Amino acid sequence: MSLNHPDFPNKARIAENVRAVQERMESACARVGRSADEVKLVAVTKYARMEWVWELLELGLIDLGESRPQQLVERASLLDQNIRWHLIGNLQRNKARRMLPLVGMIHSVDTLRLLDSLERLAGELELRPHLLLEVNISGEEAKHGFAPRDLIENWGKIIAFKHLSVDGLMTMAPFTEEVEETRGVFRDLRALRDKLVAISPESVSLPELSMGMSRDFEVAIEEGATMVRIGSILFEGLESDDQP
Ligand SMILES: *Cc1c(COP(=O)(O)O)cnc(C)c1O
């Protein structure tokens, strides 16, 4: 970025944190014989101050994730950079029209109704948005996402949408005492992807698996994640912020 942005306490920590995360990503890839460039780091900025976001951009991270559509819209209007915005949180249908022209990818598409709305809007706006379908693998009631069975049952309908690019699946593992216990969730998401591909025409490949957060991204990478969504550990050691 060419603009001069204000310094803030512990600014150098962000670069250190980013480097540490990238090294851990590389090690996880190496452990399972994957190439490091198969996994994209999406920096989740939902709790980050704007100056922290600027610093991420300075460091060359251009994939940014926000969970609230409103904050994504606001930040997209302040930052006219070459940013790829990822919406990772719940999208209400009445916010979709504003969101579509701004986002590079929506990770959190979780109902057929939302897919129907997005299909109609995308046709109208002449866009072809990149989407991931959020899956509730663990079956926790509080979680958003398709039940695996519903996805399979409705698959014919989903792949028939003409204006949507469904690129893969996303999930969130439950919080567990032992991070190793998340492995089954990630493995199941990948198996579900393979199953959906197997029942699809050849043109459908679902390459993306968005799984893994600060706590569990290494396990997710070992199980095939192509995108990890990481927030809190990028900002460790910085003054925390009260904005949601
Ligand atoms: C907040 C959030 C993340 C990042 O979580 P951290 O634990 O801060 O890395 C990832 N995915 C989703 C859907 C989130 O809401």
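What counts and how
By convention here, each chain's residues receive numbers from 1 onward along its written sequence. Only residues with pLDDT of 70 or above have their local features reported here, since the model is predicted, and side-chain atom pairs are shown and tallied only from 80 upward, although totals for entire chains, interfaces and linings are computed over all residues. Calculation of side-chain values draws on the structure's entire complement of heavy atoms; hydrogens and water are dropped beforehand. Numbering of helices and strands starts at the N terminus; helices are DSSP runs of H or I of at least 4 residues and strands are runs of E of at least 2. The globule rule is 2.2 Å times the number of residues to the power 0.38, and the radius of gyration it is compared with is taken over C-alpha atoms. Lys and Arg are tallied as positive, Asp and Glu as negative. Neither His nor the chain termini are counted. To locate a charge, take atom NZ for lysine, CZ for arginine, CG for aspartate or CD for glutamate. We define proximity as follows: a residue is near a molecule or strand when any one of its heavy atoms falls within 4 Å of that partner. N or O atoms closer than or at 3.5 Å make up a polar contact, with two conditions inside protein: a donor-capable atom paired with an acceptor-capable one, and, for residues adjacent in sequence, both atoms drawn from side chains. In this description, accessible areas are obtained by the Shrake-Rupley approach with a 1.4 Å probe, and a residue is regarded as covered only by the protein chains that are shown. All amino acids are sorted into three groups, where Ala, Val, Leu, Ile, Met, Phe, Trp, Tyr, Cys and Pro are nonpolar, Asp, Glu, Lys and Arg are charged, and the leftover types, Gly among them, are polar. Note on exposure labels: buried denotes an accessible area under 20% of the residue type's maximum, exposed denotes more than 50%, and partly exposed covers the range between, all computed with a 1.4 Å probe on protein chains only. Two strands are counted as paired when DSSP detects at least two bridges linking them. Viewed with both strands pointing away, a crossover whose connecting path from the first strand over the helix to the second turns clockwise is right-handed.

**Focus: the overall build of the protein chain**
Consideration 1: Counting its regular elements, the protein chain contains 9 helices and 8 strands.
Consideration 2: What you see for the protein chain is a C-alpha radius of gyration of 18 Å, in line with the 18 Å of a compact globule of 244 residues.
Consideration 3: When the 30 basic and 40 acidic side-chain charges of the protein chain are each reduced to a single mean position, those positions are 4 Å apart.

**A few points about the site of the ligand**
Consideration 1: Around the ligand lies a shell formed by Val44, Lys46, Ile88, Met172, Met213, Ser214, Arg229, Ile230, Gly231 and Ser232.
Consideration 2: Taking Ser214, its side chain carries an N or O atom lying 2.5 Å from an oxygen atom of the ligand.
Consideration 3: Gly231 has a polar backbone atom sitting 2.8 Å from an oxygen atom of the ligand.
Consideration 4: Notes on the ligand: free accessible area 390 Å², of which the protein chains cover 86%.
Consideration 5: Per-class residue counts for the shell around the ligand are 5 nonpolar, 3 polar and 2 charged.

**Thoughts on the side chain of Ser210**
Consideration 1: Secondary-structure assignment places Ser210 in strand β7 (residues 208-210).
Consideration 2: A polar contact is formed between the side chain of Ser210 and the side chain of Arg229, at a distance of 2.9 Å.

**A look at the pairing of strand β2 (residues 63-66)**
Consideration 1: Burial along β2 is two-sided: Asp63 and Gly65 and Leu64 and Glu66, pointing in opposite directions, are all buried.
Consideration 2: Relative to β2, strand β1 (residues 40-44) is paired through 2 bridges, and the arrangement is parallel. Counted as the bridge partner of Val44 is Gly65 from β2.
Consideration 3: For the handedness criterion, the β-α-β arrangement of β1, helix α2 (residues 50-58) and β2 is classed as right-handed.
Consideration 4: Pairing of β2 with strand β3 (residues 84-87) involves 4 bridges; the strand directions are parallel. Across the sheet, Glu66 pairs through a bridge with Leu87, a residue of β3.
Consideration 5: Handedness of the crossover joining β2 and β3 through helix α3 (residues 69-78): right-handed.

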